[in-house]
Amino acid sequence: MKPLKRYGQNFLIDKNILAFIISRSRPSFQDCVLEIGPGHGVLTRALLAEGVACLHTIELDERLRPELEDLAANNDSLKLHFADAVRFDYATLDPFPDKVIANIPYNITTPLIWKSLQYPIKYYLLMLQKELALRLIAPPDTKERYPLGVAIEAMGHASIVKRVSRKSFRPAPEVDSALVEIVIEKNFGIMKDSSWSELLHKGFAHRRKTLRNNLGEVAGIYSDKRAEDLTCEQWLDLYKNIKPLLYVEGAL
Ligand code: SAH
């Protein structure tokens, strides 16, 4: 099977990284895990070996169906889904997962995380392209700051738990990777509110311009600042102002 670049097919070959993913994410018999892009099933097998209660996989490449079906034939807890994970309706996953563990392609990273945060999943361990990982954890006043980083901070936190060399994959990608852990602990449901995502996207639409330019009067006391300057608390403050009736601290 020829690996497809457009599907971001860089398969993990480094046993130490695999062991790290397992020890860090601690899958147990109490967990239902969602793995996006199982590929040839390296991580899938390792998760099954931990005895997870349930493992859903979502894979786009139909060529992988025979080998993944072989694996599922011997593992009752493995539930295969062949679909585009960005379009897939997670609400149909039964039982519903509590952890997402995945090595996901660069081009779908942002939409996929954005979408996942709309569901009540509290833990993520994701292998991402290093540059993207750095954007996810970028603090205010940096040019790497972007809407998804703010959105995650509003709900919990993201951290880089390990840098991973491009040599850990076959074929080796052109850039290095990093394992990012995301823990969600507050503001559940905020991502389902389109006014929150609109606020962030419109605010960041023209990064070099002030928020007055991007948001008009909604920018209020932050009119002269730029999107990348605002702290997460200041974004939530702006959001509170456009949602005076709906927003109650911690209640979302
Ligand atoms: N987890 C495996 C494979 C990683 S490569 C490993 O670590 O070895 C990325 C995988 O994601 C490939 O199997 C690719 O086919 C799959 N993929 C790419 N785009 C996808 C999408 N939109 N939805 C689901 N899977 C996708």
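Located above this text is the structure these notes cover.
Residues numbered from 1 in each chain as written. Predicted model: local features only at pLDDT ≥ 70, side-chain atom pairs only at ≥ 80, totals over all residues. Heavy atoms only, no water.

**Q** Tell me about the pairing of strand β3 (residues 54-59), residues and numbers included.
**A** Among the six residues that make up β3, six are buried, leaving the element largely enclosed by the rest of the structure. Burial along β3 is two-sided: the face carrying Cys54, His56 and Ile58 and the face carrying Leu55, Thr57 and Glu59 are both buried. Where strand β2 (residues 32-36) and β3 come together, five bridges link them in parallel fashion. By the bridge assignment, Val33 is partnered in β3 with Leu55. Across five bridges, β3 lies against strand β4 (residues 78-82) in parallel orientation. In the strand pairing of β4, Glu59 is matched with Phe82. A crossover links β3 with its parallel partner β4, the connecting element being helix α3 (residues 65-73), and its sense is right-handed. (Buried < 20%, exposed > 50% of the residue type's maximum accessible area, 1.4 Å probe, protein only. Helix = DSSP H or I, 4+ residues; strand = E, 2+ residues; numbered from the N terminus. Pairing = 2+ DSSP bridges. Right-handed = clockwise from strand over helix to strand, strands pointing away.)

**Q** Can you explain α3? Please cite residues and give values.
**A** Residues Leu68, Leu71 and Ala72 constitute the buried set of α3. Along the long axis of α3, the arc covered by the buried residues comes to 100°, so they all point the same way. Pointing more than 90 degrees away from the buried face of α3 are the exposed residues Pro66, Asp70 and Ala73. (Arc of directions from axis to C-beta.)

**Q** Let's hear about the sheet that holds strand β9 (residues 177-184): which residues, and what values?
**A** Taken in spatial order, the seven strands make up an open sheet running β4-β3-β2-β5-β6-β9-β7, and their pairing is mixed. Of all the strands in the sheet, the pair left with one neighbour each is β4 and β7 (156-164). Across the sheet, the mean angle from the axis of one strand to that of its neighbour is 20°, orientation sign disregarded. Packed on one face of the sheet, helix α1 (residues 15-25) meets β5 (99-103), β6 (123-129), β7 and β9 and runs near 155° to β6. Seen against the sheet, α3 touches β3 and β4 and runs at an angle of roughly 160° to β4. (Axes fitted to C-alpha atoms, helices over the stretch in contact; angles between N-to-C directions. Contact = heavy atoms within 4.5 Å.)

**Q** Lay out the packing of aromatic side chains with the relevant residues and their values.
**A** Counted by the stated rule, this structure contains five aromatic pairs. Relative to Tyr239, the ring of Trp196 lies with its centre 5.2 Å away and its plane at 55°, an arrangement referred to as tilted. Separated by 43 residues along the polypeptide, Trp196 in helix α7 (residues 194-203) and Tyr239 in helix α9 (residues 232-242) bring together distant segments of the chain. In this structure, Trp196 and Tyr239 share a single accessibility class: buried. Three or more aromatic residues link up through ring pairs in this structure, and these residues are Phe88, Tyr90, Phe96 and Tyr119. Positioned over the ring face of Tyr7 is Arg6, at 5.0 Å from the centre of the ring. (Phe/Tyr/Trp six-rings, centres within 6.5 Å; stacked < 30°, edge-to-face > 60°. Lys NZ or Arg CZ within 6 Å of the ring centre and 35° of its normal.)

**Q** Describe the pattern of salt bridges, listing the residues and the values that go with them.
**A** All told, the structure shown has 14 salt bridges when counted by the stated rule. Of the charged contacts in the structure, one is a salt bridge between Lys143 and Glu144, with a shortest N-O distance of 3.5 Å. Judged by relative accessible area, Lys143 falls into the exposed class, the value being 63%. Accessibility expressed as a relative area gives 31% for Glu144, which makes it partly exposed. Three or more residues joined by partner-sharing salt bridges are found here, namely Glu62, Arg65 and Glu69. (Salt bridge = Lys/Arg side-chain N within 4 Å of Asp/Glu carboxyl O.)

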